[in-house]
Amino acid sequence: MEKLIYEKSRKGRTSTILPQSGVPEKQLSDFLPAKFIRKVPAALPEVSELENMRHFVRLSHLNHCIESGFYPLGSCTMKYNPKVNDAMAALEGFRELHPYQPEDQIQGALELIWELQEKIAAIVGLPSVTLQPAAGAHGEMTGLLIIKAYFEAQGDHKRTKVIVPDTAHGTNPATAALAGFEVVEIKSNVRGLVDIDALKAVLGPDTAAIMLTNPNTLGLFEEEILTVQKLVHEAGGLLYYDGANLNAIMGLVRPGDMGFDVCHLNLHKTFSTPHGGGGPGGCAVAVRQKLEPFLPKPTVRREENRFTLDWNRPQSIGKVKGFYGNFGILVRAYTYIMAHGRDGLCQVSRDAILSANYLKERLKRNFVVAYGQPCMHEFVLSGSRQKERGVATTNIAKRMLDYGVHAPTVYFPLVVPEAMMIEPTETESKETLDEFVEIMLAIDEETKTKPEFVRAAPHTTPVGRLDEALAARKPNLRWEPTPKD
Ligand SMILES: *Cc1c(COP(=O)(O)O)cnc(C)c1O
């Protein structure tokens, strides 16, 4: 049936650019110079609906996703996203809303935003929350602009520096620079934690803030966090918590209690809203009371039994996103929190920590563990021993694809040579973790017996090693008909 329609349209209108547009030919040539008008039909592939469907289903099977296999990508928290989240976001009362509807008609949506703000505030221990930013890095930007606006409102214009440890996620220094601060990097100590002396050496009247992840990207809890907060606050600076991934501490410890003043959370990591593929994501930024006036506007407020958008915020940094953020993502995060409840969220963290420590213990005989103390929700291995056998971490990562698991985050954090950063999350079964251990041990064995084979991996994927530099410099974004077409 579909084929017939295509053929008819091609035969009937050989010289139009848009065969089915309904625009008469002579009008098209009125608008377009003759040299741009086709003399022969475009060589579009002609396929039936079924063939078309098979093509896209086949392509979708080439994707590795959490629904198809293990995905231990450190720091990214590739946990299972419960489908009930999507079902709730698809409820007609949410789905059919229009952002220009008057407040009276969107009370349910505003209530959900307000309640989610309250729940996030309780989870992080900071009272005021915005849900506008669309991603973690966007939340960092929001947070640093708030810090900047705060110091400017104090008349304190000397605070130009933001301190980041050498284990920080790359977005931290990038955001600080983009927000107009000077980035000051401090080295970690031998245990992978903030070096207190190095911190003391850089603190001063020009310190605006320190950006920390705790547990840090090595999966280690900053044991001296209260000393850090005391020193930074005494110097007049603020503490920014990168809570992109809260999987180790949710329900167990609160950034607010550790002394942080601003904190962002990726809803698309810990709170199980979809991620990967470029969005839409979601982010909450929570701040201490004194920073509340600077939150983006509008904020959602509760007035007795009514919810309202507060635009009258003279000190606000302004809007950071169209309308109120990615609302569908907020519905998903809210559903996740409600479905788990308080105890469930604590259990998530405990199970995430247990899974990571289990893997670390089982792998430590064959791979160098970067830091030996118990880890939180993730840990970092070094492939240095395998490197000595001529097999680099990148080769091990490629070989994992042959075994059907996604590679961990590699070559990050930068302080660990040949790093592999593994985050199993709480949603994987012990059987899956054991299978992963077997795969890692098998690859380790291969690095001894057939290193050249591992170096040439992957062997089973539809494409092998891509020239990423060339692809970035000369992207080929056009579909070209092959002679067969
Ligand atoms: C993922 C991540 C970010 C950035 O979040 P995006 O949503 O990708 O912008 C920042 N910090 C840490 C520690 C992260 O894991």
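Before reading on, note that the structure itself is shown above.
Residues numbered from 1 in each chain as written. Predicted model: local features only at pLDDT ≥ 70, side-chain atom pairs only at ≥ 80, totals over all residues. Heavy atoms only, no water.

Undergrad: What should I look at first to understand unusual backbone geometry in this one?
TA: When glycine is set aside, most residues are seen to have a negative phi, and most peptide bonds are trans. The omega torsion across Asn214 and Pro215 is 5 degrees, close enough to zero to call that bond cis. Note that Pro215 resides in the loop between strand 4 (207-212) and helix 10 (225-234). Located in the positive-phi region is Glu304, a residue other than glycine, with phi close to 50 degrees. Tracing the backbone shows Glu304 in the loop between strand 8 (299-303) and strand 9 (306-310). The exposure class assigned to Glu304 is exposed, which follows from its relative accessible area of 73%. (Helix = DSSP H or I, 4+ residues; strand = E, 2+ residues; numbered from the N terminus. Buried < 20%, exposed > 50% of the residue type's maximum accessible area, 1.4 Å probe, protein only.)

Undergrad: Just to check I follow, could you spell out helix 12 (residues 327-363) for this structure?
TA: Given 3.6 residues per turn, any residue in an α-helix points the same way as the ones three and four places further on. Taking 1.5 Å of rise per residue, the 37 residues of helix 12 would be expected to cover 54 Å, yet its terminal C-alpha atoms sit only 41 Å apart, more than 12% below that figure. The sharpest bend along helix 12 measures roughly 100 degrees and falls at Gly341. (Expected span 1.5 Å × (residues − 1). Bend = angle between axes of the 7 residues up to and from the residue.)

Undergrad: Explanation requested: the nonpolar core in the structure shown.
TA: Side chains of a nonpolar character, in soluble globular proteins, are inclined to be buried together. Leu199, Val228 and Phe271 are the most contacted members of the largest nonpolar core, which totals 58 residues. Examining the composition of this core, we find that 11 residues originate from one element, helix 12, more than from any other. Beyond its immediate stretch of four places on either side in the chain, Val228 contacts Val194, Ile196, Leu199, Ile210, Leu212 and Leu239. Counting residues in hydrophobic clusters, the runner-up holds 25 residues, among them Ile146, Phe151, Ala168 and Met211. (Core = buried A, V, L, I, M, F, W, Y, C linked by side-chain atoms within 4.5 Å. Contact = heavy atoms within 4.5 Å.)

Undergrad: Please clarify how the environment of Val184 should be interpreted in this entry.
TA: When you line up the elements, Val184 lands in strand 3 (residues 182-186). Taking the relative accessible area as the measure of exposure, Val184 reaches 16% and is therefore buried. Note: C-alpha distance between Val184 and Asn216 (32 residues apart in sequence) is 17 Å. Apart from residues lying up to four places away in sequence, Val184 is in contact with Lys161, Val162, Ile163, Val164 and Val202.

Undergrad: What should I look at first to understand the sheet that holds strand 11 (residues 379-382) in this one?
TA: Hydrogen bonds between backbone groups are what pair the strands of a sheet, and the pairing can be parallel or antiparallel. The 4 strands lie next to each other as 10-11-13-12, forming an open sheet whose pairing is antiparallel. Both edges of this open sheet fall to strand 10 (368-369) and strand 12 (409-410), since each of them pairs with a single strand only. As defined by bridge partners, strand 11 adjoins strand 13 (residues 419-422) across 4 bridges and the pair is classed as antiparallel. Among the inter-strand pairings, Ser382 is bridged to a residue of strand 13, identified as Ala419. (Pairing = 2+ DSSP bridges.)

Undergrad: Sorry if this is basic, but what is going on with the pattern of salt bridges here?
TA: All told, the structure shown has 28 salt bridges when counted by the stated rule. Linking Arg362 and Glu438 is a salt bridge whose minimum nitrogen-to-oxygen distance equals 3.5 Å. With Arg362 in helix 12 and Glu438 in helix 15 (residues 430-449), this residue pair connects regions lying 76 residues apart in the sequence. Relative accessible area serves as the criterion here: at 28%, Arg362 is assigned to the partly exposed category. For Glu438, a relative accessible area of 47% gives the class partly exposed. One salt bridge connects Asp434 with Lys430, and the closest N-O pair in it is separated by 2.9 Å. (Salt bridge = Lys/Arg side-chain N within 4 Å of Asp/Glu carboxyl O.)

Undergrad: How should I be thinking about the packing of helix 7 (residues 136-153) against helix 8 (residues 171-178) in this particular structure?
TA: Helix packing for two helices is described by the angle between their axes and how far apart those axes are. One can describe the packing of helix 7 onto helix 8 by two numbers: an axis separation of 9 Å at closest approach and a directional angle of 45 degrees. Taken together, the axis directions place helix 7 and helix 8 in an arrangement best described as oblique. As helix 7 packs across helix 8, the resulting crossing turns out to be right-handed. Only Thr171, Asn172, Thr175, Ala176 and Leu178 of helix 8 make contact with helix 7, whose side of the interface consists of Ala137, Glu140, Met141 and Leu144. (Axes fitted to C-alpha atoms, helices over the stretch in contact; angles between N-to-C directions. Parallel < 35°, antiparallel > 145°, perpendicular 65-115°, else oblique. Left-handed = near helix turned anticlockwise from the far one by under 90°.)

Undergrad: Would you mind showing me how to read the site of the ligand here?
TA: The environment of the ligand is formed by Ser75, Ala135, Gly136, Ala137, Glu140, His169, Thr171, Asp242, Ala244, Asn266, His268 and Lys269. Here Ala137 contributes a backbone N or O atom positioned 2.8 Å from an oxygen atom of the ligand. A distance of 2.7 Å separates an oxygen atom of the ligand from a polar atom in the side chain of Lys269. Alone, the ligand offers 390 Å² of accessible surface; in the complex the protein occludes 85% of this. (Near = heavy atom within 4 Å. Polar contact = N/O pair within 3.5 Å; in protein donor to acceptor, adjacent residues only side chain to side chain. Areas by Shrake-Rupley, 256 points an atom, 1.4 Å probe, with all protein chains shown as cover.)

Undergrad: Please explain the packing of aromatic side chains as it appears in this structure.
TA: Any pair of aromatic rings gets described here by the distance separating the centres and the angle formed by the planes. In this structure the tally under the stated criterion is 9 aromatic pairs. Ring centres 5.7 Å apart and planes at 65 degrees place the aromatic pair Phe94 and Phe327 in the edge-to-face group. Linking Phe94 in helix 5 (residues 92-95) with Phe327 in helix 12, this pair joins segments that are 233 residues apart in sequence. Each member of the aromatic cluster is reached from another via a ring pair, and the members are Tyr100, Phe323 and Tyr324. It is Lys148 that lies over the ring of Phe181; its NZ or CZ is 5.3 Å from the centre. Its guanidinium or amino end placed over the ring of Phe453, Lys450 lies 4.5 Å from that ring's centre, counting from NZ or CZ. (Phe/Tyr/Trp six-rings, centres within 6.5 Å; stacked < 30°, edge-to-face > 60°. Lys NZ or Arg CZ within 6 Å of the ring centre and 35° of its normal.)

Undergrad: What should I look at first to understand the packing of helix 12 against helix 15 in this one?
TA: Where helix 12 contacts helix 15, the axes come no closer than 10 Å and their chain directions differ by 30 degrees. Judged by the angle between their axes, helix 12 and helix 15 are roughly parallel. Here the hand of the crossing between helix 12 and helix 15 comes out right-handed. Contact residues: helix 12 offers Ser355, Tyr358, Leu359, Arg362 and Leu363, while helix 15 offers Lys430, Leu433, Asp434, Phe436, Val437, Glu438, Met440 and Leu441. A class-by-class count of the residues in the contact of helix 12 with helix 15 yields 8 nonpolar, 1 polar and 4 charged. (Nonpolar A, V, L, I, M, F, W, Y, C, P; charged D, E, K, R; others polar.)

Undergrad: For this particular structure, what's the right way to read a nonpolar patch on the surface?
TA: A cluster of nonpolar side chains, Phe56, Leu59 and Leu62, forms an exposed patch at the surface whose accessible area comes to about 300 Å². Checked against the element boundaries, Leu59 lands in helix 3 (residues 49-62). For Leu59, a relative accessible area of 39% corresponds to the partly exposed category. (Patch = residues over 30% accessible without salt bridge, like charges linked within 9 Å, V, L, I, M, F, W, Y side chains within 5 Å.)

Undergrad: Explanation requested: the sheet that holds strand 5 (residues 238-243) in the structure shown.
TA: Taken in spatial order, the 7 strands of this open sheet run 1-7-6-5-4-2-3, and their pairing is mixed. Edge positions in the open sheet fall to strand 1 (128-130) and strand 3, since each of these has one partner strand only. When the angles between neighbouring strand axes are averaged without regard to direction, this sheet yields 20 degrees. Two elements, strand 6 (residues 262-266) and strand 7 (residues 283-287), share 5 bridges in a ladder whose sense is antiparallel. Within the sheet, the bridge partner assigned to Leu265 lies in strand 7 and is Ala284. Of the strands in this sheet, strand 4, strand 5, strand 6 and strand 7 touch helix 7, which is tilted by about 170 degrees from strand 5.

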